[in-house]
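# Examining the three-dimensional arrangement
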Amino acid sequence: MEIDPQTLSHQSVYKILTGSVLPRPIGWISSIDMDGRPNLAPFSFFNVVCSNPPTVLFCPLMRGSDGKTKDTLNNVRATHEFVVNIVSEELLNAMNATSIESPPEFNEFEFAGLTLTPSVSVKPPRVKESPIHFECKVQQIVDINDAPGGGSIVIGTVTHIHAEERVMLGPDKINLMALRPIGRLMGSGYCRVTDIIKLERPKNIIGG
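About the criteria used
Residues numbered from 1 in each chain as written. Predicted model: local features only at pLDDT ≥ 70, side-chain atom pairs only at ≥ 80, totals over all residues. Heavy atoms only, no water. Helix = DSSP H or I, 4+ residues; strand = E, 2+ residues; numbered from the N terminus. Buried < 20%, exposed > 50% of the residue type's maximum accessible area, 1.4 Å probe, protein only. Areas by Shrake-Rupley, 256 points an atom, 1.4 Å probe, with all protein chains shown as cover. Lys, Arg positive; Asp, Glu negative; His and termini not counted. Charge placed at Lys NZ, Arg CZ, Asp CG, Glu CD. Pairing = 2+ DSSP bridges. Salt bridge = Lys/Arg side-chain N within 4 Å of Asp/Glu carboxyl O. Phe/Tyr/Trp six-rings, centres within 6.5 Å; stacked < 30°, edge-to-face > 60°. Lys NZ or Arg CZ within 6 Å of the ring centre and 35° of its normal. Core = buried A, V, L, I, M, F, W, Y, C linked by side-chain atoms within 4.5 Å. Contact = heavy atoms within 4.5 Å. Polar contact = N/O pair within 3.5 Å; in protein donor to acceptor, adjacent residues only side chain to side chain. Patch = residues over 30% accessible without salt bridge, like charges linked within 9 Å, V, L, I, M, F, W, Y side chains within 5 Å.

### A closer look at the overall build of the protein
Along its length, the protein carries 5 helices and 14 strands. Counting only residues that meet the buried cut, the protein has 37% of its 208 residues in that class. Carbon and sulfur atoms form 56% of the exposed surface of the protein, whose accessible area is close to 12,500 Å². The distance from the centre of the 19 positive side-chain charges to the centre of the 22 negative ones in the protein is 4 Å.

So this is what it looks like as structure tokens:
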């Protein structure tokens, strides 16, 4: 098939994109609004940008129910802070519960039975049950489109990292089997990291 995306609805393009770009890591983003009310939501349009400075990004789309911006985006615009909570296998159901579309006053932490715990360098709380947290300050927000199917890119600089000792191997390596991260597939599908393929990278032929 040869597909011109301009001939499809944004819903159909979404299905092709999310059914092809996978598995996707999940950024479980906690934030607060200007009144201090917490918000927690998962984003599978999420990844690392670079390590110097440590930088991550996530992409909140326009809300599907009413076409408005999501509370997370509204919060990070206002406060310029957020926390990335890493989703491990035992947190899958709680993470899914926080994907609910709800008004700003709704507390996703309470709804999912999760514990708020204070951060060190930012005001938004962390998910205590998550094994790894990245506290972030907003570096830049890039708005792509505010029409249905549109979204924004939120780029954040990591200002503090929390990691449980049980998921660490020494000072800077993650024990993958202890972390047991969850990946996002298409539709309602998720995946575990249970089959690992290790390959030696080719030797560099440039540089010193």
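### Topic: the sheet that holds strand β13 (residues 182-184)
In space, the 3 strands of this open sheet follow the order β1-β13-β14, with antiparallel pairing throughout. The outermost strands of the open sheet, each flanked by one partner alone, are β1 (24-25) and β14 (190-192). Pairing of β13 with β14, which is carried by 3 bridges, proceeds in the antiparallel orientation. When the sheet's bridge partners are listed, Gly183 is paired in β14 with Cys191.

### Quick word on the pattern of salt bridges
Pairing of side chains with opposite charge becomes possible as their charged atoms draw close. Scanning all chains against the criterion turns up 11 salt bridges. Across the pair Arg180 and Glu89 runs a salt bridge whose closest N-O atoms are separated by 3.5 Å. One end of the pair, Arg180, is in the loop between α5 (176-179) and β13; the other, Glu89, is in the loop between β6 (81-86) and α3 (92-97), with 91 residues separating them in the sequence. Asp172 is the partner of Lys173 in a salt bridge, and the nearest nitrogen-oxygen pair spans 3.9 Å. A single network of salt bridges, built from pairs that share partners, joins Glu89, Glu90, Glu164, Arg166, Arg180 and Arg192.

### With respect to the packing of aromatic side chains
In the structure shown here, the tally under the stated rule is 4 aromatic pairs. Look at Phe43 and Phe58: their rings are 5.0 Å apart centre to centre, the planes differ by 50 degrees, and that puts the pair in the tilted class. Here Phe43 is found in strand β3 (residues 38-43), whereas its partner Phe58 is found in strand β5 (residues 54-58), with 15 residues between them in sequence. Here Phe43 matches Phe58 in class, with each residue buried. An aromatic cluster is defined as three or more aromatic residues linked by ring pairs; in this entry it consists of Phe43, Phe58 and Phe82. Sitting above the plane of the Tyr190 ring, Arg184 keeps its charged end 4.7 Å from the centroid.

### What to know about the nonpolar core
Val56, Phe58, Val76, Phe82, Val84 and Val154 are the most contacted members of the largest nonpolar core, which totals 18 residues. Among residues more than four places away in sequence, those in contact with Phe58 are Ile29, Phe43, Phe45, Phe46, Thr72, Val76, Phe82, Ser152, Ile153 and Val154. Counting 12 residues, the second-largest nonpolar core is a separate cluster that includes Leu40, Ala94, Phe109 and Ile182.

### Some thoughts on the side chain of Thr72
Following the sequence through the fold, Thr72 ends up in helix α2 (residues 71-79). Of the polar contacts made by the side chain of Thr72, one reaches the side chain of Asn39; its length is 3.1 Å. Setting aside anything within four residues of it in sequence, one finds Thr72 in contact with Ile29, Ser31, Asn39, Ala41, Phe43 and Phe58.

### Side note on unusual backbone geometry
Negative phi characterises most residues that are not glycine, and trans characterises most peptide bonds. A cis amide bond, omega -5 degrees, links Leu22 with the succeeding residue Pro23. One can find Pro23 in the loop between α1 (10-20) and β1. Cis geometry marks the peptide bond from Asn52 to Pro53; its omega dihedral reads 0 degrees. If you trace the backbone, Pro53 turns up in the loop between β4 (46-51) and β5. Look at His80: it is not a glycine, yet its phi comes out positive at around 65 degrees. Looking at the secondary structure, you find His80 in the loop between α2 and β6.

### Considering a nonpolar patch on the surface
Taken together, the side chains of Met1, Ile3, Leu8 and Ile16 define a hydrophobic patch exposed on the protein surface, amounting to about 430 Å² of accessible area. Structurally, Ile16 can be placed in helix α1. What makes Ile16 partly exposed here is its relative accessible area of 39%.

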